[in-house]
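# Chain and residue survey
In case you want the letters, here they are:
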Amino acid sequence: MAGTSPSELSGFEIGQNVWCIRTDGVIAYGKIIQFYPINNEGPAVSVVDEITGAYRVVLLDTVTLEPPKGGKSRLSRSKVQHVQKKK
């Protein structure tokens, strides 16, 4: 169907939490909200990045279930900062 996004792509599913590398090389972690199987640079996904709180579009070949080196500590620091801001 034209104009629709699949609910699954390359073993990943909408709603799944994943690690990925943004185009600027920075680690992101978040929930998949949409797939873009046809994209000039290659298949891509949209995620809601829990580290920055922003929507991100990343290439599918950077998406993984395992955290990259430094990923867990980056996510932990961002969660602490969010808690401190709420106080």
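Being a predicted model, the structure only gives us computed values, none of them experimental. (Residues numbered from 1 in each chain as written. Predicted model: local features only at pLDDT ≥ 70, side-chain atom pairs only at ≥ 80, totals over all residues. Heavy atoms only, no water.)

## Considerations on the overall build of the chain
A tally of regular secondary structure across the chain gives 1 helix and 6 strands. In sequence order, the secondary structure elements of the chain are arranged as β-β-β-β-β-β-α. For the chain, buried positions account for 29% of its 87 residues. Here the contacts in the chain between residues at least 6 apart in sequence split such that 41% fall between residues at least 24 apart. About 5,800 Å² of surface is accessible on the chain, with carbon and sulfur atoms providing 52% of the total. (Helix = DSSP H or I, 4+ residues; strand = E, 2+ residues; numbered from the N terminus. Buried < 20%, exposed > 50% of the residue type's maximum accessible area, 1.4 Å probe, protein only. Contact = heavy atoms within 4.5 Å. Areas by Shrake-Rupley, 256 points an atom, 1.4 Å probe, with all protein chains shown as cover.)

## Points about the nonpolar core
L9, F12, V18, C20, A28, I32, F35, V45, V47, V58, L60 and V63 together form the largest nonpolar core, which totals 12 residues. Contributing elements (two or more residues each) for this core: β3 (17–21), β4 (27–36) and β5 (44–49). No other element matches the 3 residues that β4 contributes to this core. When sequence neighbours within four positions are dropped, the list of residues in contact with F35 reads S5, P6, S7, E8, L9, F12, E13, I14, A44 and V45. Formed by 5 residues, the second largest nonpolar core is a distinct cluster that contains W19, I27, Y29 and I51. (Core = buried A, V, L, I, M, F, W, Y, C linked by side-chain atoms within 4.5 Å.)

## So, the packing of aromatic side chains
In total, this model carries 1 aromatic pair according to the counting rule given. Taking the centre distance of 4.5 Å and the plane angle of 50° together, the rings of W19 and Y29 count as tilted. Of this pair, W19 sits in strand β3 while Y29 sits in strand β4; the two residues are 10 residues apart in sequence, bridging distant segments of the chain. (Phe/Tyr/Trp six-rings, centres within 6.5 Å; stacked < 30°, edge-to-face > 60°.)

## Re a nonpolar patch on the surface
Residues I33, V48 and Y55 make up a contiguous nonpolar surface patch of about 300 Å² in total accessible area. Residue position: Y55 is located in strand β6 (residues 55–59). (Patch = residues over 30% accessible without salt bridge, like charges linked within 9 Å, V, L, I, M, F, W, Y side chains within 5 Å. Salt bridge = Lys/Arg side-chain N within 4 Å of Asp/Glu carboxyl O.)

## A look at unusual backbone geometry
Here S10, not a glycine, exhibits a phi torsion of approximately 55°, which is positive. Tracing the sequence through the fold places S10 in the loop between β1 (8–9) and β2 (12–13). The class for S10 is exposed, based on a relative accessible area of 58%.

## As for the pairing of β3
In this sheet, β4 lies alongside β3 in antiparallel orientation, the contact comprising 5 bridges. Looking at the pairing, N17 lines up with K31 of β4. Counting the residues between successive antiparallel strands, the hairpin from β3 to β4 contains 5 residues, one of them, G25, with a positive phi of roughly 90°. (Pairing = 2+ DSSP bridges.)

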